[in-house]
Amino acid sequence: MRLDQFLKLSRIVKRRSQAKELCDLKVVKVNGQIAKPSREVKVGDTVEIDTISRYVKFTVCEIPSGKNVSKKKARELIEIIEDKKKDIREIIDLL
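Residues numbered from 1 in each chain as written. Predicted model: local features only at pLDDT ≥ 70, side-chain atom pairs only at ≥ 80, totals over all residues. Heavy atoms only, no water.

> Please provide a residue-by-residue account of the side chain of Asp-4, values included.
Note on placement: Asp-4 falls in helix α1 (residues 3–9). There is a polar contact of 3.2 Å between the side chain of Asp-4 and the side chain of Arg-16. (Helix = DSSP H or I, 4+ residues; strand = E, 2+ residues; numbered from the N terminus. Polar contact = N/O pair within 3.5 Å; in protein donor to acceptor, adjacent residues only side chain to side chain.)

If you want it as structure tokens, here you go:
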């Protein structure tokens, strides 16, 4: 399954276009490599998203078979390793 579609179905991002935008900004990594939105994700892949306000790292546990996923099922698709909101001081340091 495409990375941008997976990010949307797992509810990491709200819209597929937003997932594509994050990939285009090169803030999404799969297994340590910067990923394009069309990259195929597989079970066991580690995905990192490092935006200016949030850092999330998770492992892909399951690939959904359909185009729609229930909220409960979406939580089962990934296992979050790290999820932190960045402090305002960290954001200022980045600028």
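Next comes the rest of the account.
> Describe helix α2 (residues 16–24), with residues and values.
Among all positions in α2, only Ala-19, Leu-22 and Cys-23 are buried. The arc that holds every buried residue of α2, seen down its axis, measures 100 degrees, which confines them to one face. Contact partners of the buried residues in α2: α1, β1 (28–30) and β3 (46–50). Looking one or two residues beyond α2, the residue adopting positive phi is Lys-26, at roughly 65 degrees. (Buried < 20%, exposed > 50% of the residue type's maximum accessible area, 1.4 Å probe, protein only. Arc of directions from axis to C-beta. Contact = heavy atoms within 4.5 Å.)

> How would you explain the side chain of Glu-48 if you had to name every residue and give the values?
Positionally, Glu-48 belongs in strand β3. No salt bridge is formed by the buried Glu-48. Its closest oppositely charged neighbour is Lys-57, at 4.8 Å. Only 2.7 Å separates the side chain of Glu-48 from the side chain of Tyr-55, close enough to count as a polar contact. Leaving out residues up to four positions away in the same chain, Glu-48 has contacts with Val-27, Val-28, Lys-29, Gly-32, Tyr-55, Val-56 and Lys-57. (Lys, Arg positive; Asp, Glu negative; His and termini not counted. Salt bridge = Lys/Arg side-chain N within 4 Å of Asp/Glu carboxyl O.)

> I'd love a proper account of a positive patch on the surface, names of residues and values included.
On the surface, Lys-8, Arg-11, Lys-71, Lys-72 and Arg-75 cluster together into a positively charged patch. With three residues, helix α3 (residues 71–76) is the largest single contributor of residues to the positive patch. You can see Lys-71 is positioned in helix α3. (Patch = residues over 30% accessible without salt bridge, like charges linked within 9 Å, V, L, I, M, F, W, Y side chains within 5 Å. Areas by Shrake-Rupley, 256 points an atom, 1.4 Å probe, with all protein chains shown as cover. Charge placed at Lys NZ, Arg CZ, Asp CG, Glu CD.)

> Please give an account of the environment of Arg-39 that cites residues and values.
In this fold, Arg-39 is placed in the loop between β2 (33–34) and β3. A residue is classified by how much of its surface remains accessible, and Arg-39, at 24% relative accessible area, is partly exposed. Sequence separation of Arg-39 and Arg-54 is 15 residues, and the distance between their C-alpha atoms is 22 Å. With sequence-adjacent residues up to four places away left out, Arg-39 is seen in contact with Met-1, Arg-2, Leu-3, Val-30, Asn-31 and Gln-33.

> Could you give an account of the sheet that holds β1, with specific residues and numbers?
Paired through their backbone hydrogen bonds, the strands of a sheet run either parallel or antiparallel. Here five strands make up an open sheet; going across it, the order is β2-β1-β3-β4-β5 and the pairing antiparallel. With one partner strand each, in any of the chains shown, β2 and β5 (78–85) form the two edges of the open sheet. Here seven bridges tie strand β4 (residues 54–60) to β5, and the two strands are oriented antiparallel to one another. In the sheet register, Lys-57 faces β5, and the bridge partner there is Glu-82. (Pairing = 2+ DSSP bridges.)

Shape descriptors only; they carry no functional weight alone.
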